[in-house]
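Close look at the chain arrangement
Chain by chain, the residues run as shown.
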Amino acid sequence: MVAVTTPSSRPLGCTFLGAPPSSIFTVSDFVGDENLMIEAAEDFSRKEILTRLEEIDRQEPGLMPRLIREAGALGLCGVDAPEAYGGLGLSKNLAARILEMMSLNGSFSVTYGITSGISQVGLTLFGTEGQKQRFLPSLTSGESIGAYALSEPNSGSDALSATTRADLRDGKWILNGTKMWISNAQWADLFLVMAKIDGQQFSAFLVPKDAPGVSISREEHKMGLKGSSTARLILENADIPAENLLHEPGKGHQVAFNALNIGRFKLASMSVGPTRHAIEIAAAYAADRKQFGQSIASFGLIQQKFRKMRAWYHAAESMIYRTGALIDEAFEQDGGTVDGNRKAAEEYAVECSICKVFSTEAQSWITDEALQVFGGYGFTEEFPIARHYRDARVSRIYEGTNEINRLFISDRFRRRVQAGLATLGTGDSFVAECAVEGLKIDRTDQETLGAQSDLLILAYAEQSVRLRDVREHDATLIPFFNARAAEALQSLTGAPVALPGV
Ligand SMILES: Cc1cc2nc3c(=O)[nH]c(=O)nc-3n(C[C@H](O)[C@H](O)[C@H](O)COP(=O)(O)OP(=O)(O)OC[C@H]3O[C@@H](n4cnc5c(N)ncnc54)[C@H](O)[C@@H]3O)c2cc1C
């Protein structure tokens, strides 16, 4: 499926600086039936979602659960879930492309993304056979909706400081606490809840919405994603059967963080999906709008915006499908076992974070430029671009803020180099050379870790674009990547860095 040169028979994460591949998987490598599934998802988005944006934003009663059921009827709610539990068992990469097409609107995207993604991943990777049989089929069919409840009012980035507790009484788990910002809260039938047993052992629980002591607060008044449900989950002596503990006591961090690794990869697709639509509507507007007696699409500065927007989209897309293929290859080589899948999700945690940070920042930048094309009309709610602009902002905040992801990327990368699991190499381009030099600096202050992560993100992005070899985009992106890499290295060393060809 994909040609990747790696130093071992099993592809390893964090090896992209030391052993750059000779080619990568790109979207043109999807074949036959795969493309039919992708088209079905795009068709669903355009016909069922983009035609109902006002109703979705008003949270018209019953509408979102119905749309999820309809998506489920088409097989779209469990595309990468195992077939034994009603899923289609498709590859992570194909699931990513389908998710991108299902994400042309942010509110539907987050609802669909959570129920078909992060709420199923924990169950698939860590559930017992009985738990999977009981909960997965209705999630994969779209008959029920899932939610993931980690955050609390006083524990966001510092997730392990959660205070929601679980106590075993008379053979049942009694949960107490408040979970904050829970996507899908209003519609969810099943919550994956992180709580500490006896206030100490961080653990994961499957909490049905109709369990005694479970309630949902009012909807948060959000600046964007108005059609998605975000509310608090209140647990007041919530009474959960003993068999609803997921995985082992005290190992909830494995469930939470493995789900987040794949969740970050999926969020990258959920971020480029709306940008695809933002560019599309900006292009239609530019062709239509006339100033100075001609279409604004004929002006050089407007054309330059579209070249840059497409180039950024192209880079994000190249990184996502390269990473998805690596994860799929690791899944296949480990025999598709649950244990192997856990290892693969862990192996590519850095690449998943890189995709999350790059794609969400590309989304912010692209939607901002797309809005600029609309001029003053873009600043009104009369035109659909304002919705994309508002919706985009949260992508840099959830699934780990981009600051937390930046701290993680370089820290994990350096640890793998120190453990001999990755090498720095010499760098196969100016950006990669800067990254190699920057990674040699042995300081652990946050500013150093942040600049090193920037270099790793740029190196992965530049390599992905270069390997895809589309000259038009190279001309726009490579000089930009070079300049950003020189700036990041200079911030680390304090010495000026000469740009190639300048
Ligand atoms: C619309 C929406 C939907 C959400 N959906 C869900 C969901 O379904 N389930 C769920 O569990 N959560 C969900 N969240 C919560 C989300 O994951 C958190 O908001 C996020 O993790 C950040 O936590 P916080 O808001 O408490 O910010 P804080 O952690 O308080 O961070 C505030 C600022 O400080 C920075 N910061 C924090 N710690 C550090 C550090 N060590 N070093 C440097 N900078 C730092 C952050 O990057 C940020 O800029 C959602 C949030 C929103 C807005």
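Residues numbered from 1 in each chain as written. Predicted model: local features only at pLDDT ≥ 70, side-chain atom pairs only at ≥ 80, totals over all residues. Heavy atoms only, no water.

A short note on the overall build of the protein chain
- Looking only at helices and strands, the protein chain has 15 helices and 10 strands in total.
- Relative to the globule expectation of 23 Å for 502 residues, the C-alpha radius of gyration of the protein chain, 23 Å, shows essentially globular dimensions.
- Considering only C-alpha atoms, the protein chain reaches an extent of 75 × 60 × 45 Å along its principal axes.
- When the 502 residues of the protein chain are sorted by exposure, 58% land in the buried category.
- Considering only residue pairs separated by 6 or more positions, the protein chain has 75% of its internal contacts joining residues 24 or more positions apart.
- Put simply, the protein chain shows about 20,100 Å² of open surface, and 52% of that area lies on carbon and sulfur atoms.
- The positive charge centre, built from 50 side chains, and the negative charge centre, built from 62, are 3 Å apart in the protein chain. (Helix = DSSP H or I, 4+ residues; strand = E, 2+ residues; numbered from the N terminus. Rg over C-alpha atoms; globule rule 2.2 N^0.38 Å. Buried < 20%, exposed > 50% of the residue type's maximum accessible area, 1.4 Å probe, protein only. Contact = heavy atoms within 4.5 Å. Areas by Shrake-Rupley, 256 points an atom, 1.4 Å probe, with all protein chains shown as cover. Lys, Arg positive; Asp, Glu negative; His and termini not counted. Charge placed at Lys NZ, Arg CZ, Asp CG, Glu CD.)

Thoughts on the nonpolar core
- Leu17, Phe358 and Phe481 are the most contacted members of the largest nonpolar core, which has 131 residues in total.
- Of all hydrophobic cores here, the second largest spans 22 residues; its members include Trp173, Leu175, Ile182 and Ala188. (Core = buried A, V, L, I, M, F, W, Y, C linked by side-chain atoms within 4.5 Å.)

Topic: the pairing of strand β7 (residues 230-241)
- One ladder, built from nine bridges, connects strand β3 (residues 172-183) with β7; its direction is antiparallel. Bridge assignment links isoleucine 174 to a residue of β7, and that residue is aspartate 239.
- By the bridge criterion, four bridges tie strand β6 (residues 214-219) to β7 in an arrangement that is antiparallel. Paired with glutamate 219 across the two strands is alanine 231, which belongs to β7. (Pairing = 2+ DSSP bridges.)

Let's talk about the environment of leucine 160
- Looking at the secondary structure, you find leucine 160 in the loop between β1 (146-149) and β2 (165-169).
- Measuring from C-alpha to C-alpha, the distance between leucine 160 and alanine 40 comes to 40 Å, with 120 residues separating the pair along the chain.
- In contact with leucine 160, not counting residues within four places along its chain, are Lys196, Phe202, His253 and Phe257.

Things to note about the domain arrangement of the protein chain
- Domain boundaries assigned for the protein chain yield domain 1 (31-144), domain 2 (148-249) and domain 3 (254-493).
- Domain 1 puts 31 residues into the contact, and the matching count from domain 3 is 33 residues.
- Summing both sides of the interface, domain 1 and domain 3 together bury roughly 2,700 Å²; the carbon and sulfur share of this comes to 61%.
- Ranking the residues of domain 1 by area buried against domain 3 places Lys92, Leu125 and Phe126 at the top, with a combined share of 25%.
- Linking domain 1 with domain 3 are six salt bridges.
- Across the pair arginine 276 and glutamate 100 runs a salt bridge, and its minimum N-O distance is 3.2 Å.
- Listing elements by their share of the side of domain 1 that touches domain 3, those giving two or more residues are α2 (53-57), α4 (92-101) and α5 (106-126).
- Per element, the largest residue contribution to the side of domain 1 that touches domain 3 is 12 residues, and it comes from α5. (Domains from an automatic or database assignment. Buried area = accessible area lost by both parts, 1.4 Å probe. Salt bridge = Lys/Arg side-chain N within 4 Å of Asp/Glu carboxyl O.)

Thoughts on the environment of phenylalanine 480
- Tracing the backbone through its elements, the reader meets phenylalanine 480 in helix α15 (residues 471-493).
- On the basis of relative accessibility, which here comes to 33%, the residue phenylalanine 480 falls in the partly exposed class.
- The spacing of phenylalanine 480 and leucine 458 is 22 residues in sequence and 9.8 Å in space, taken between C-alpha atoms.

Let's talk about the pattern of salt bridges
- Tallied over the entire structure, the rule returns 33 salt bridges.
- One salt bridge in this structure joins glutamate 317 and arginine 97, with 3.1 Å as the shortest N-O distance. Separated by 220 residues along the polypeptide, glutamate 317 in helix α8 (residues 300-333) and arginine 97 in helix α4 bring together distant segments of the chain. By the burial criterion, glutamate 317 is buried, and arginine 97 matches it.
- Look at the salt bridges and you will find they share partners, linking Arg97, Glu100, Arg276, Glu317 and Arg468 into a network.

Some thoughts on helix α14 (residues 446-468)
- Spanning 23 residues, α14 covers 33 Å between terminal C-alpha atoms, matching the ideal 33 Å at 1.5 Å per step.
- Most of α14 is tucked away: 18 of the 23 residues are buried.
- A positive phi of about 60° marks aspartate 469, the residue just after α14. (Expected span 1.5 Å × (residues − 1).)

A closer look at α4
- Burial within α4 is extensive, with 10 of its 10 residues counted as buried.
- Three or more residues of α4 are buried, namely Lys92, Asn93, Leu94, Ala95, Ala96, Arg97, Ile98, Leu99, Glu100 and Met101.
- Elements that come into contact with the buried residues of α4 comprise α1 (32-49), α5, α7 (252-288) and α8.

Brief notes about the site of the ligand
- Residues in contact with the ligand amount to 19 residues; listed here are only the nearest, Tyr148, Ser151, Ser157, Thr401 and Glu403.
- Here a nitrogen atom of the ligand and a backbone polar atom of tryptophan 181 are 2.8 Å apart.
- A distance of 2.9 Å separates a nitrogen atom of the ligand from a polar atom in the side chain of serine 183.
- Look at the ligand: alone it shows 970 Å² of surface, and the protein chains cover 67% of it.
- Elements that contribute at least two residues to the shell around the ligand include exactly β1, β3 and α12 (402-418).
- Here the shell around the ligand is composed, by residue class, of 11 nonpolar, six polar and two charged.
- Formed jointly, the shell around the ligand draws a minimum of three residues from each of two domains, domain 2 (148-249) and domain 3 (254-493). (Near = heavy atom within 4 Å. Polar contact = N/O pair within 3.5 Å; in protein donor to acceptor, adjacent residues only side chain to side chain. Nonpolar A, V, L, I, M, F, W, Y, C, P; charged D, E, K, R; others polar.)

Observations regarding the confidence of the model for the protein chain
- Mean pLDDT over the protein chain works out to 94, with 97% of the residues at or above the 70 mark.
- Residue range residues 1-8 is modelled with pLDDT below 50. Its contacts to residues more than four positions away, or to other chains, number 23 contacts. (pLDDT = per-residue confidence, 0-100.)

Some details on the packing of aromatic side chains
- One pass over the full model with this rule turns up 18 aromatic pairs.
- An aromatic cluster is built from Trp312, Phe358, Trp365, Phe480 and Phe481, whose rings are joined through pairwise contacts. (Phe/Tyr/Trp six-rings, centres within 6.5 Å; stacked < 30°, edge-to-face > 60°.)

Quick word on the pairing of strand β4 (residues 190-197)
- For β4, the tally of buried residues reaches eight of eight residues, placing the bulk of the element in the interior.
- Note: β1 against β4, four bridges, orientation parallel. Residue pairing in the sheet places tyrosine 148 in a bridge with leucine 192 of β4.
- Pairing of β2 with β4 involves two bridges; the strand directions are parallel. Residue pairing for β4: alanine 166 is matched across the bridge by isoleucine 197.
- Across eight bridges, β4 lies against strand β5 (residues 201-208) in antiparallel orientation. From the neighbouring strand, leucine 190 faces β5, where its bridge partner is proline 208.
- What sits between β4 and β5 in their antiparallel hairpin is a turn of three residues, with aspartate 198 showing a positive phi close to 55°.

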